[in-house]
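# Understanding the architecture of this molecule
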Amino acid sequence: MIGIFGGTFDPVHFGHLRPALELFEILELEELRLVPAGTPPHRRPPRANSAQRLQMLRLAIAGQPGFVLDEREIERSGPSYMVDTLAELRSELGGQRPLCLLLGMDAFLGLTSWHRWEEIPRLAHLVVSHRPGWLPEHLDDHGGPLAELADGSMVEEPRQLADAPGGYIFMHPVTQLDISSTRIRALIRNGRNPRYLLPDGVWNHIREQGLYR
Ligand code: ATP
């Protein structure tokens, strides 16, 4: 099984990396692809350019077996849509290989605003990480298309994901780290030290390049 973890990574931090590693292990993934967005459709352009964000990711995952940087959204022109990324991966990897799209609960709850979102669950499983104690039943409170999507496609055990190329939803608690790229950028802008929120190699690179000041 291959995992896909998209984001702006402006900069990458431990709030991305620790949950990613926990899911990598629990899902027994062969590979986790980190996919930095080129032109994110939902938000302002990143502060660091693509080459800088790629370099920070390279430093962050160096030496972590199974973690792979996937540059396709940066190389593609136009807005970065996850549905295009998944469709490309599906055609490269064949129809049978299970793909798992890793999403935080916040991203999952916003899924219906994504470009051609209905195609996404057909292309991959959705692996939704959440706070310990959060119950999937809470999803019913949101009602609508997401509750409908979850109804009947939720699986309890990660190994069930290996039985199909996509279409299942698996929810799993991960260690909560209240870290965001926005806050790290604000700390740096204000001359404060973001150390211990992100890998030292990434922080050193930010300093050397004078990023986010
Ligand atoms: P920004 O503050 O610039 O919005 P961010 O820190 O939220 O950035 P993104 O690169 O936008 O980071 O996030 C990519 C993915 O990582 C999203 O699915 C998001 O839910 C998840 N994520 C980001 N921060 C955390 C965190 N602290 N814990 C768990 N998941 C996170």
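Everything here concerns the structure above.
Rules used throughout
- Residues numbered from 1 in each chain as written.
- Predicted model: local features only at pLDDT ≥ 70, side-chain atom pairs only at ≥ 80, totals over all residues.
- Heavy atoms only, no water.
- Helix = DSSP H or I, 4+ residues; strand = E, 2+ residues; numbered from the N terminus.
- Patch = residues over 30% accessible without salt bridge, like charges linked within 9 Å, V, L, I, M, F, W, Y side chains within 5 Å.
- Areas by Shrake-Rupley, 256 points an atom, 1.4 Å probe, with all protein chains shown as cover.
- Salt bridge = Lys/Arg side-chain N within 4 Å of Asp/Glu carboxyl O.
- Lys, Arg positive; Asp, Glu negative; His and termini not counted.
- Charge placed at Lys NZ, Arg CZ, Asp CG, Glu CD.
- Buried < 20%, exposed > 50% of the residue type's maximum accessible area, 1.4 Å probe, protein only.

Let's shift gears to unusual backbone geometry. Most peptide bonds take the trans configuration, and most residues that are not glycine carry a negative phi. Residue Pro11 follows Asp10 across a cis peptide bond; omega there is 5 degrees. Here Pro11 is to be found in the loop between strand S1 (2–7) and helix H1 (14–26).

Right, let's get into a negative patch on the surface. Taken together, the side chains of Glu137, Asp140, Asp141, Glu148 and Asp151 define an acidic patch exposed on the protein surface. With respect to the element layout, Asp140 can be found in helix H7 (residues 139–142). For Asp140, a relative accessible area of 55% puts it in the exposed group.

On to the pattern of salt bridges, then. Per the stated rule, a full pass over the model turns up 13 salt bridges. Here Glu22 makes a salt bridge to Arg18, at a shortest N to O gap of 2.8 Å. Residue Glu22 and its partner Arg18 are both found in helix H1; the two are separated by four residues, about one turn of the helix. Judged by its relative accessible area of 38%, Arg18 is partly exposed. With a closest N to O distance of 2.9 Å, Glu88 and Arg72 form a salt bridge. Highlighted residues: Glu88 in helix H4 (residues 82–93) and Arg72 in helix H3 (residues 72–75), separated in sequence by 16 residues. For Arg72, a relative accessible area of 11% corresponds to the buried category.

Let's shift gears to a positive patch on the surface. Taken together, Arg43, Arg44, Arg47 and Arg189 make up a surface patch of like positive charges. Along the chain, Arg47 falls in the loop between strand S2 (31–36) and helix H2 (50–61). In this structure Arg47 comes out as partly exposed when scored by relative accessible area, which is 45%.

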